Amino acid sequence: MKILITGICGFVGGYLSRCLVRAGHVVCGTRLEGERVPDFLRDTEIHVLDLTQKDAVGDVLRESEPDAVCHLAAQSSVALSWRDPAQTWEVNVIGLIHLLEGIRAMDSNPRILLIGSSEEYGKVTPEEIPLREDHSLRPGNPYAAGKAAQEMLGRLYAEAYGMDIIMVRAFNHTGPGQAPTFVIPDFAKRIAAMEKGQMPKELLVGNLEVVRDFSDVRDIVRGYAMLLEQGRAGEVYNIGSGQGYSIRDLLQRLLAMTVEAIAVSRDPARMRPSDVPVLIGDIRKITDHTGWKPEIPMDTTLRDVLEDWRQNDGLPGRK
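A. Just the overall build of the protein, in detail. When helices and strands are tallied, the protein shows ten helices and 14 strands. Taken over C-alpha atoms, the radius of gyration comes to 19 Å for the protein, in line with the 20 Å a tight globule of 319 residues would show. For the protein, the spread of C-alpha atoms along the three principal axes comes to 60 × 45 × 40 Å. The burial tally for the protein puts 54% of its 319 residues in the buried class. Long-range pairs, those at least 24 residues apart, make up 77% of the contacts in the protein with a sequence separation of at least 6. For the protein, the exposed surface amounts to about 13,900 Å²; the carbon and sulfur share of it is 50%. In the protein, the 37 positive side-chain charges and the 45 negative ones have mean positions that sit 4 Å from each other.

Structural data, given as structure tokens:
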């Protein structure tokens, strides 16, 4: 099967491409103009594409002729979505419309894996945890609102046009090579810099009390691959660990992996306008339909991220 990965040069795209190749698939992808191509993708068919350009999206689909599409390309930072909600919406929602319209115009009907986010659930009460796929969506930030709109569009196109679309709500995931705009690599990057004597041994932090369902990216992409092969068209799947970790707990685990005495101080500038207190997913559906379940322990993931910054300054594309 030939699989097109939008955003193939991104953090998740790189891991997914290697996972799919190992499974025997042919992989191609898209990247932004000027985006670095990791060494392991040098021989891969990659198209430069801005999803906000409708005609260009159609051109890439006709040239690549994929049997399946994994739609990863997105503005994926919650913090950035607050600073620039219009750009987030343009890329994540209008870009998806262009992709779906381009696929609809094809002679074939490729399977589409549409990657959404647990942020779509929004503010929930402790009684509602763990969150099932039939839970109502209450997005609490511009990024989440855009992802909820993506899913609504996916359902609409699947029902109206008979398109083979599977929708995923991915809970938080991390691993070596993730950008420090996300919390775990941000902590790891600064801890590694402190170990090297490159900055004062004081870690400024935002809200440490939020609880999230964290997984290793290597587990997550394995789940995506299994959904492509075994997922049911028109269905929505949670994917995550099914366990909640507070940001404070994750930070303490990272600090326990260094011999440095590092102070932790709250920085109001790092607080978001709105933070969902708790998000933990019920992952029984994906397990029942595909047999997937997470395998990599959280301490292994954290240690790998920290060691990546210690050795390589967190540059992507090596793992």
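B. The nonpolar core, seen in detail. In this structure, I5, L16, L20, L113, Y224 and I239 are the most contacted members of the largest nonpolar core, which totals 34 residues. Contributing elements (two or more residues each) for this core: strand 1 (2-6), helix 1 (11-22), strand 4 (68-71), strand 5 (111-117), strand 6 (165-170), helix 7 (217-230) and strand 11 (236-239). Element by element, the count of residues in this core is highest for helix 7, at eight residues. Contacts of L16, omitting those with residues within four sequence positions, involve I5, C70, L72, V221 and Y224.

C. Spatial organisation of helix 10 (residues 298-312). Counted at 1.5 Å a residue, the expected span for helix 10 with its 15 residues is 21 Å, and the 21 Å between its end C-alpha atoms agrees. Taken residue by residue, helix 10 has M298, T301, L302, V305, L306, D308 and W309 as its buried positions. Take helix 10 and look down its axis: the buried residues cluster within an arc of 150°, on one side only. Buried residues in helix 10 make contact with strand 7 (173-174), helix 6 (183-195), strand 10 (215-216), helix 7, strand 12 (245-246) and helix 8 (247-255).

D. Just the sheet that holds strand 4, in detail. Read from one edge to the other, the open sheet built from seven strands follows the order 3-2-1-4-5-6-11, with strand pairing classed as parallel. Single-partner strands in this sheet number two, and they are strand 3 (45-48) and strand 11. Along the sheet, successive strands turn relative to each other by an average axial angle of 20°, direction set aside. Here helix 1 sits on the sheet and contacts strand 1, strand 2 (26-31) and strand 4; the angle it forms with strand 1, its principal contact strand, is near 175°. Where helix 7 meets the sheet, it contacts strand 1, strand 4, strand 5, strand 6 and strand 11, and its direction lies at approximately 145° from that of strand 5.

E. Quick look at the packing of aromatic side chains. Applying the stated criterion to the full structure yields three aromatic pairs. Measuring from ring centre to ring centre gives 5.3 Å for Y157 and Y161, while their planes differ by 55°; the resulting arrangement is tilted. Placement of both Y157 and Y161 in helix 5 (residues 142-161) is noted, with a separation of four residues, approximately one turn of the helix. If you follow R18 out to its NZ or CZ, it ends over the ring of Y15, 4.8 Å from the centre. Directly above the aromatic system of Y161 lies the positively charged group of R104, at a separation of 4.1 Å from the ring centroid.

F. Seen up close, the pattern of salt bridges. Evaluation of the coordinates by the stated rule reveals 26 salt bridges. The partner of R310 in a salt bridge is E307, with the nearest N and O atoms 3.2 Å apart. Here E307 and R310 lie together in helix 10, a separation of three residues that amounts to about one turn. Within the structure, one salt-bridge network assembled from shared partners comprises E120, E151, R155 and R169.

G. How the structure looks around the environment of V124. Here V124 is to be found in the loop between strand 5 and helix 5. Judged by relative accessible area, V124 falls into the buried class, the value being 11%. It is 7.9 Å that separates the C-alpha atoms of V124 and P277, two residues lying 153 residues apart in sequence.

H. The sheet that holds strand 14 (residues 278-279), seen in detail. What the three strands build is an open sheet, ordered 12-9-14; its pairing is mixed. Pairing within the sheet leaves two strands with one partner each, and these edge strands are strand 12 and strand 14. Bridge count for strand 9 (residues 211-212) against strand 14 is two bridges, and the pairing is parallel. Within strand 14, the residue paired with V211 across the bridge is V278.

Parameters and conventions
Residues numbered from 1 in each chain as written. Predicted model: local features only at pLDDT ≥ 70, side-chain atom pairs only at ≥ 80, totals over all residues. Heavy atoms only, no water. Helix = DSSP H or I, 4+ residues; strand = E, 2+ residues; numbered from the N terminus. Rg over C-alpha atoms; globule rule 2.2 N^0.38 Å. Buried < 20%, exposed > 50% of the residue type's maximum accessible area, 1.4 Å probe, protein only. Contact = heavy atoms within 4.5 Å. Areas by Shrake-Rupley, 256 points an atom, 1.4 Å probe, with all protein chains shown as cover. Lys, Arg positive; Asp, Glu negative; His and termini not counted. Charge placed at Lys NZ, Arg CZ, Asp CG, Glu CD. Core = buried A, V, L, I, M, F, W, Y, C linked by side-chain atoms within 4.5 Å. Expected span 1.5 Å × (residues − 1). Arc of directions from axis to C-beta. Pairing = 2+ DSSP bridges. Axes fitted to C-alpha atoms, helices over the stretch in contact; angles between N-to-C directions. Phe/Tyr/Trp six-rings, centres within 6.5 Å; stacked < 30°, edge-to-face > 60°. Lys NZ or Arg CZ within 6 Å of the ring centre and 35° of its normal. Salt bridge = Lys/Arg side-chain N within 4 Å of Asp/Glu carboxyl O.

Remember that the coordinates give geometry; whether it matters functionally is a separate question.
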